[in-house]
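So you can see what is in the structure, the chains are spelled out below.
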Amino acid sequence: MKVDMIMVRFGEYTIKGRNRGHFEKRIVEQVRRMLRPFVALQITRAFGRIYITLNGESYELISAKLKHIFGIMSFSPVRKCASELETIRETALEVMAALPRKPSTFKVTMRRVDKSFPHDSQEMNHLVGGHVLRAMPDLKVNVKQPEVELRIEIQPEGTYVFSEVVPAAGGFPYGTNGKAVLLLSGGIDSPVAGYLAMRKGLELEAIHFHSFPFTSEQAKQKVITLAQMLAEMNGVPFKLHMVSFTEIQTSFTQCNQDHLIITLMRRAMLRIAERLAERSGAIGIVTGDSLGQVASQTLPSMNVIGRTVELPLLRPLITTDKNDIIRMAEQIGTYETSILPFEDCCTLFIPKSPSTNPNLNVVRKVESFVPRLDEMIEEAIAQTETLVITPGESPETAKAGKDDWF
Amino acid sequence: MLYFDHCASTPPREDVIRTMMEVMAKHYANPSSLHQGGVEAGKLLERSRAVVAAAFGTSQAEWTFTSGGTESNNAAIIGATARYRNKGKHLITTQIEHPSVYDTFRRLSNEGFRVTYLPVNEQGTVAAQDVAAALTEDTVMVSVMHVNNEVGSIQPIAEIGAMLNKHRKVLFHVDGIQSVGKLPIALREWGIDLFSASAHKVGGPRGVGLLYTRHGVQLEPLLAGGGQEQGLRPGTENVAAIVASAKAFRLALETREARSARMFGLRRRLVRCIGEIPELVLNGAAVSDEELSMTAVMAPHIVNFSYPGMKPEVLIHTLEENGILASTKSACSSKEDKPSQVLLAMGLGKERASSGIRISFGDEHGEADVDYLCGKLNEVVARLKPFERKE
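The model shown is predicted, which means the values in this text are computed figures rather than measured ones.

(A) Quick look at the sheet that holds strand β12 (residues 327–328) of chain B. All names here are of chain B. Ordered by their spatial adjacency, four strands build an open sheet running β9-β10-β13-β12, and the pairing between neighbours is antiparallel. Looking at strand neighbours, the two that pair on one side only are β9 (281–283) and β12, the edges of this open sheet. Here two bridges tie β12 to strand β13 (residues 356–360), and the two strands are oriented antiparallel to one another. By the bridge assignment, T328 is partnered in β13 with I357. Here helix α8 (residues 256–275) sits on the sheet in contact with β9, β10 (302–306) and β13, set at roughly 10 degrees to β10.

Now the structure itself:
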């Protein structure tokens, strides 16, 4: 089916009375940004909707982009035809035939805006519906709960026909819910947490802790690749703060409190993250924690770890099962990269039996005995290296070797 | 010397050779090694994959580097049938496939698979309806070459792919070794699940093949080993040749349109010449007005003709004395003294099938070269005529 136009519907925020205009403006901006490469498009905003006129651009490529824009709930490919009964009937059949799955029930919803059209809505319902039923004998009408709604709008400039509703990412438009930092480890969970946070309209900057030479160059590349994927999701430059954690981490191994190493590490990371967040104007810390998944993610551990900072800790995955997290990672395309076998600092120096129920007072006491802990944290913050990942920019591998070799 | 054997192998491009030399000298480290040298080599490998993926309009994870076209065909057919053998045991291919496909199916038919070898018409083309008619509940794979390597006939890949779209279980493999860089290829649009290509047919080095495996399709690897290429193709990667191949593929695909238009012109000229020599008979369709469109029936770079009553070696050797290099049937099987299986399948009879000559062009050829070849063909045929053996 040749698609002439796409009708885009917004997400949940359209119910929010006073902010609605603001949200809608942001989503239109975001759609324009993500579809910038398609120069022939015409994007118009209507009440609670966006209409994208394709002017010959590829529906397949554009719909692939639209599916992933936060703040879009769903969209429909629309055929435009002349406002003549026979043409409308044929177009309606085409639209029904192009559905990805054959429905067993449908109904026709007619809007006649152009009152000069000779048949009224009631008549048109029968004229078009009857035609479709004759051509598709297995189909039945169900007005209350149709599987598919065949919608026809007769406008002065022509008639719009559509039925397929393609679900999209949902959520809020980019940046409409403030700014936070994301702890990006390189594992499966944190990119998914980042995705979910961004889908809720958060603007993010990522923080990665590395322990070179205990962690490898490949592990760092892997995180850059993941950050690139997150940058592509919103199509805006994305900051990645690389923090050297080697000194702090190795000093914790000298405390003779091996079962607390993870707790100590996570607390130090949060302290650094909070400072970096404040420096960037971010007011939340997003993590990939999932309740009970590992020793540091039990409720007692999270209690002790979280108390070291004042900023709200956002844990989008907190009650999500691992299998579901993996499925999401596959859907957003980060899974393959996340499972590359390069050790990150969270899995380094893991004791045989880490504490699942650390005692806050003991932990504070141990921290007070770590020589130069505050200075080391200051140094780590000062030496943080910030990379700005540009969307659409070729990943690190695309710069390998000399250009004229390729 | 005029090298008219591009279907067998192409002269590597100079810039491809330079890339290969430079990468080979500098990036000898094993891409699996942890040190910086290995990391750099690994990045070159991934950049090569990205270049290939972009040239074909697909995603990077869908491409595996192999040792060549033969391995790609084997890995696709054996790998997929092994992986999905519990879904069905019936396979469909054609009578004109390259031995790396044909003989692979022969082997599978000894291992409990039932194989249908579809016939072709006199122009060397299989009919999409025949593929549809051959499908059974038990069918798990259809393998059809894009361009036949002996006569150059184009198979209706888009049409077959569209028809197979309704049969989710059936995997569609296409041997594109002779079509890459010559014809438009739309892997996604045509519903292709597995696709093979070879670097040395497009000005790249020997020893590198491509295997496209559509996202979601899984293969059993042919080889066991160190898990390279996502485990699909273990063995230390040939980084220098792969980088050079990526360049060759990119250039072949980017410049395809202009180059194939030129080659269509050469083909038309040679076909006209052969038509004017009564002793020679063209195999496959002549030329059609649609040749530049998607519905072309013959590839632009191949002309196959027979000299009935003359052993093809005699013609090949006489042409070689005149500085012209051509082939009998496909290079792989040209040493066997048997009629061409492809020409037989086209129903051309034993005499014509035993005397086929293949001329295949490349970018270095111009009209003057074709005219020279034409002049020599006239001379050689006149000289050999007294020795014709008519049955």
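(B) The sheet that holds strand β14 (residues 313–314) of chain A, seen in detail. Residues and elements named next belong to chain A. The six strands are arranged β14-β13-β10-β11-β12-β15 in an open sheet whose pairing can be described as mixed. Each end of this open sheet is capped by a strand with a single partner; those strands are β14 and β15 (385–389). Bridge count for strand β12 (residues 238–244) against β15 is five bridges, and the pairing is antiparallel. When the bridges of β15 are listed, F238 appears paired with I389. Strands in contact with helix α5 (residues 189–199) are β10 (179–183), β11 (203–210), β12 and β13 (285–286); relative to β10, the strand with the most contacts, it is inclined by about 170 degrees.

(C) Spotlight on the domain arrangement of chain B. All names here are of chain B. Assigned domains within chain B: domain 1 (2–9 + 256–386) and domain 2 (14–254). Taken together, the contact between domain 1 and domain 2 spans 30 residues of the former and 30 residues of the latter. Summed over both sides, the interface between domain 1 and domain 2 buries roughly 2600 Å², with carbon and sulfur atoms accounting for 55% of that surface. When residues of domain 1 are sorted by the area they lose upon contact with domain 2, R256, V342 and M346 head the list and together hold 24% of the total. Taken together, the links from domain 1 to domain 2 amount to zero salt bridges. At the junction of domain 1 and domain 2, the tally comes to 18 residue pairs in polar contact (both at pLDDT 80 or more). When residues of the side of domain 1 that touches domain 2 are traced back to their parent elements, those giving at least two are α8, β10 and α10 (341–345). Taken together, the residues that form the side of domain 1 that touches domain 2 break down as 17 nonpolar, nine polar and four charged.

(D) Quick look at the pairing of strand β5 (residues 139–145) of chain B. All names here are of chain B. Of all the seven residues making up β5, seven are buried; the element is thus mostly covered by neighbouring parts of the structure. The sheet contact formed by strand β3 (residues 90–94) and β5 spans three bridges and is parallel. Across the sheet, H90 pairs through a bridge with T139, a residue of β5. Here β5 pairs with strand β6 (residues 171–175) via five bridges, running parallel. In the sheet register, V142 faces β6, and the bridge partner there is F172. Handedness of the crossover joining β5 and β6 through helix α6 (residues 157–164) is recorded here as right-handed.

Rules used in this analysis
Residues numbered from 1 in each chain as written. Chains lettered and ligands numbered in written order. Predicted model: local features only at pLDDT ≥ 70, side-chain atom pairs only at ≥ 80, totals over all residues. Heavy atoms only, no water. Pairing = 2+ DSSP bridges. Helix = DSSP H or I, 4+ residues; strand = E, 2+ residues; numbered from the N terminus. Contact = heavy atoms within 4.5 Å. Axes fitted to C-alpha atoms, helices over the stretch in contact; angles between N-to-C directions. Domains from an automatic or database assignment. Buried area = accessible area lost by both parts, 1.4 Å probe. Salt bridge = Lys/Arg side-chain N within 4 Å of Asp/Glu carboxyl O. Polar contact = N/O pair within 3.5 Å; in protein donor to acceptor, adjacent residues only side chain to side chain. Nonpolar A, V, L, I, M, F, W, Y, C, P; charged D, E, K, R; others polar. Buried < 20%, exposed > 50% of the residue type's maximum accessible area, 1.4 Å probe, protein only. Right-handed = clockwise from strand over helix to strand, strands pointing away.

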